[in-house]
Protein chains: 2
Amino acid sequence: MMKEEELLKSHISKHNLKVTKERSLVLRVFLDSEPHITAEELYRKMKNDGSSIGLATIYRTLNLFCESGLAEQRQFGDGQARYELVYNVKHHDHLICKQCSRIIEFENQEIEALQEKVAKKNNFKIFSHKLELYGICGNCSEKNDQ
Amino acid sequence: MMKEEELLKSHISKHNLKVTKERSLVLRVFLDSEPHITAEELYRKMKNDGSSIGLATIYRTLNLFCESGLAEQRQFGDGQARYELVYNVKHHDHLICKQCSRIIEFENQEIEALQEKVAKKNNFKIFSHKLELYGICGNCSEKNDQ
DNA sequence: ATGATTATGATAATGAGTTGCAATTCCCTT
DNA sequence: AAGGGAATTGCAACTCATTATCATAATCAT
């Protein structure tokens, strides 16, 4: 059994929930998808694969993933929540291209350290953070100049 | 005339729009409000003051403020957009208390510089960014420990 | 002042996400 | 292995923030 599956099952048994084929299938497809998928995209992907799963179940299951610590929800400003695997994955932040919607991940330990410093100065305990840089990626810049 | 009013009027005339009493009034109330107000809050505030303005106009006007560079829209994860004056205001980021919803503003030049460095390394041109630190503020921490 | 054009308020529509419910599935107990 | 209480599902109805529609009203260049 995969680590991700184990985490989910541990959360499930801890909360008197049940393992269902739907949950197992959503997990499998989620792990096999691009790293910032929306509920709708996941729904369509599964429909295309012949599944008869309902959209509400996708939402419920993605929320379950978040509660179990497997995934996190992100808002990149296009009005739909995106879900990202965070379990057993190194923390990172995002560069988001306003033109082509490409999402580039990056990590920067110096920035993280400075955030902690800011928090301490403000007597604040950080649980999570969001750093998003919006702009134009190299690809699009070139295209625009042509 | 205030700087903010001038900016708005300049945007208005540049785009063949019109100065209306509603727009002037919304601007006045917006400038006089807490710095992270929602459309609904602004609407109720103006209703309480005896205005008969419609909610749609509030939304339209706040969007106009954003287009003119006077304000920016922010999403702090509670499902409602918040609007913040950014014209003639020093850039800053936010600490958000998950318990009492208090928002603390901070600025950190070192972090900004590191962001630029990350962008350059990824061949990316930054237009704007969002840095939000979520957690528990000092006040709430104390209360919780009692 | 007039007329073309834009703005407004009320209301309907949209779209992402949630919820209620009857039917189904899971899984603990025997 | 079967029974039964509890959780889950799909569907449809609902919420809630925001936007679009449209008839009427206000603005402003001439």
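Attention here is on the structure that accompanies the text.

Procedures and definitions
- Residues numbered from 1 in each chain as written.
- Chains lettered and ligands numbered in written order.
- Predicted model: local features only at pLDDT ≥ 70, side-chain atom pairs only at ≥ 80, totals over all residues.
- Heavy atoms only, no water.
- Near = heavy atom within 4 Å.
- Polar contact = N/O pair within 3.5 Å; in protein donor to acceptor, adjacent residues only side chain to side chain.
- Helix = DSSP H or I, 4+ residues; strand = E, 2+ residues; numbered from the N terminus.
- Core = buried A, V, L, I, M, F, W, Y, C linked by side-chain atoms within 4.5 Å.
- Buried < 20%, exposed > 50% of the residue type's maximum accessible area, 1.4 Å probe, protein only.
- Contact = heavy atoms within 4.5 Å.
- Nonpolar A, V, L, I, M, F, W, Y, C, P; charged D, E, K, R; others polar.
- Expected span 1.5 Å × (residues − 1).
- Arc of directions from axis to C-beta.
- Pairing = 2+ DSSP bridges.
- Axes fitted to C-alpha atoms, helices over the stretch in contact; angles between N-to-C directions.
- Buried area = accessible area lost by both parts, 1.4 Å probe.
- Salt bridge = Lys/Arg side-chain N within 4 Å of Asp/Glu carboxyl O.

Section: the protein's contact with DNA strand D
Taken together, 22 residues lie near DNA strand D, and A:K18, A:R23, A:T57, A:R60 and B:Y59 sit nearest. The sugar-phosphate portion of DNA strand D accounts for 76% of its atoms within 4 Å of the protein, the bases making up the rest. Residue A:G54 places a main-chain N or O atom 3.1 Å away from a phosphate oxygen belonging to DNA strand D. Measuring from a phosphate oxygen of DNA strand D, one finds a backbone N or O atom of B:V19 at 3.2 Å. For the surface near DNA strand D, the secondary structure elements donating two or more residues are α2 (21–31) and α4 (55–68) of chain A together with α4 (55–67) of chain B. The element contributing the most residues to the surface near DNA strand D is α4(B), with four residues.

Observations concerning the nonpolar core
By size, the foremost hydrophobic cluster in this structure holds 30 residues, and its most contacted members are A:L95, A:F124, A:L133, B:L95 and B:F124. Listing elements by their share of this core, those giving two or more residues are β4 (93–97), β5 (103–106), α5 (109–121) and β6 (125–136) of chain A together with β4 (93–97), β5 (103–106), α5 (109–121) and β6 (125–136) of chain B. Apart from residues lying up to four places away in sequence, B:L95 is in contact with A:V118, A:A119, A:N122, A:F124, B:R102, B:I103, B:I104, B:F106 and B:L133.

Thoughts on the protein's contact with DNA strand C
Around DNA strand C sit 21 residues, and of these A:Y59, B:K18, B:R23, B:T57 and B:R60 come closest. Per the 4 Å cut-off to the protein, sugar and phosphate atoms form 78% of the nearby atoms of DNA strand C. Note that a base oxygen of DNA strand C is positioned 2.9 Å from one of the side-chain N or O atoms of A:K18. Contacts to DNA strand C include A:V19, whose backbone N or O atom sits 2.9 Å from a phosphate oxygen. For the surface near DNA strand C, the secondary structure elements donating two or more residues are α4 of chain A together with α2 (21–31) and α4 of chain B. It is α4(A) that provides the largest number of residues to the surface near DNA strand C, a total of four residues. Across the surface near DNA strand C, the residue classes tally to six nonpolar, eight polar and seven charged.

Remarks on α5(B)
The end-to-end C-alpha separation of α5(B) is 19 Å, in line with the 18 Å expected for 13 residues at 1.5 Å each. Along α5(B), the residues classified as buried are B:I111, B:E112, B:L114, B:Q115, B:V118 and B:A119. Along the long axis of α5(B), the arc covered by the buried residues comes to 165°, so they all point the same way. In α5(B), those exposed residues whose orientation departs by more than 90 degrees from the buried face are B:Q109, B:K117, B:K120 and B:K121. Where α5(B) is buried, its residues meet β4, β5, α5 and β6 of chain A together with β4 and β6 of chain B. Here α5(B) starts with a cap whose side-chain oxygen sits 3.0 Å from the backbone nitrogen of B:E110, and that cap is B:N108. One or two steps after α5(B), the chain reaches B:N123, where phi turns positive at roughly 60°.

Notes on the sheet that holds strand β2 (residues 71–75) of chain B
Each strand in a sheet pairs with its neighbour through backbone hydrogen bonds, running either in the same direction (parallel) or in the opposite one (antiparallel). Residues and elements named next belong to chain B. With antiparallel pairing, the three strands of this open sheet are ordered in space as β1-β3-β2. Looking at which strands have only one partner, the edges of the open sheet turn out to be β1 (37–38) and β2. The sheet strands contacting α2 are β1, β2 and β3 (81–85), and the helix crosses β3 at an angle near 85°.

Digging into the environment of B:L25
Residues and elements named next belong to chain B. Along the polypeptide, L25 turns up in helix α2. For L25, a relative accessible area of 28% puts it in the partly exposed group. For L25 and K3, which are 22 residues apart along the polypeptide, the C-alpha to C-alpha distance reads 15 Å. Setting aside residues no more than four positions away along its own chain, L25 makes contact with M46 and S51.

Considerations on the interface of chain B and chain A
On the side of chain A, 32 residues touch chain B, which itself brings 31 residues to the contact. Between chain B and chain A, roughly 2,900 Å² of surface is buried when both sides are summed, and carbon and sulfur atoms account for 66% of that area. Looking at the side of chain B facing chain A, the largest losses of area belong to B:F124, B:K130 and B:Y134, adding up to 22% of the total buried there. Counting across the chain B and chain A interface gives three salt bridges. A salt bridge links A:K130 to B:E132; its shortest N-O distance comes to 3.6 Å. Inspection of the region where chain B meets chain A yields 12 residue pairs in polar contact (both at pLDDT 80 or more). Counting residues per element, the ones that place at least two in the side of chain B that touches chain A are β4, β5, α5, β6 and α6 (138–145) of chain B. Per element, the largest residue contribution to the side of chain B that touches chain A is 12 residues, and it comes from β6(B). Within the side of chain B that touches chain A, the residues separate by chemical class into 16 nonpolar, 10 polar and five charged.

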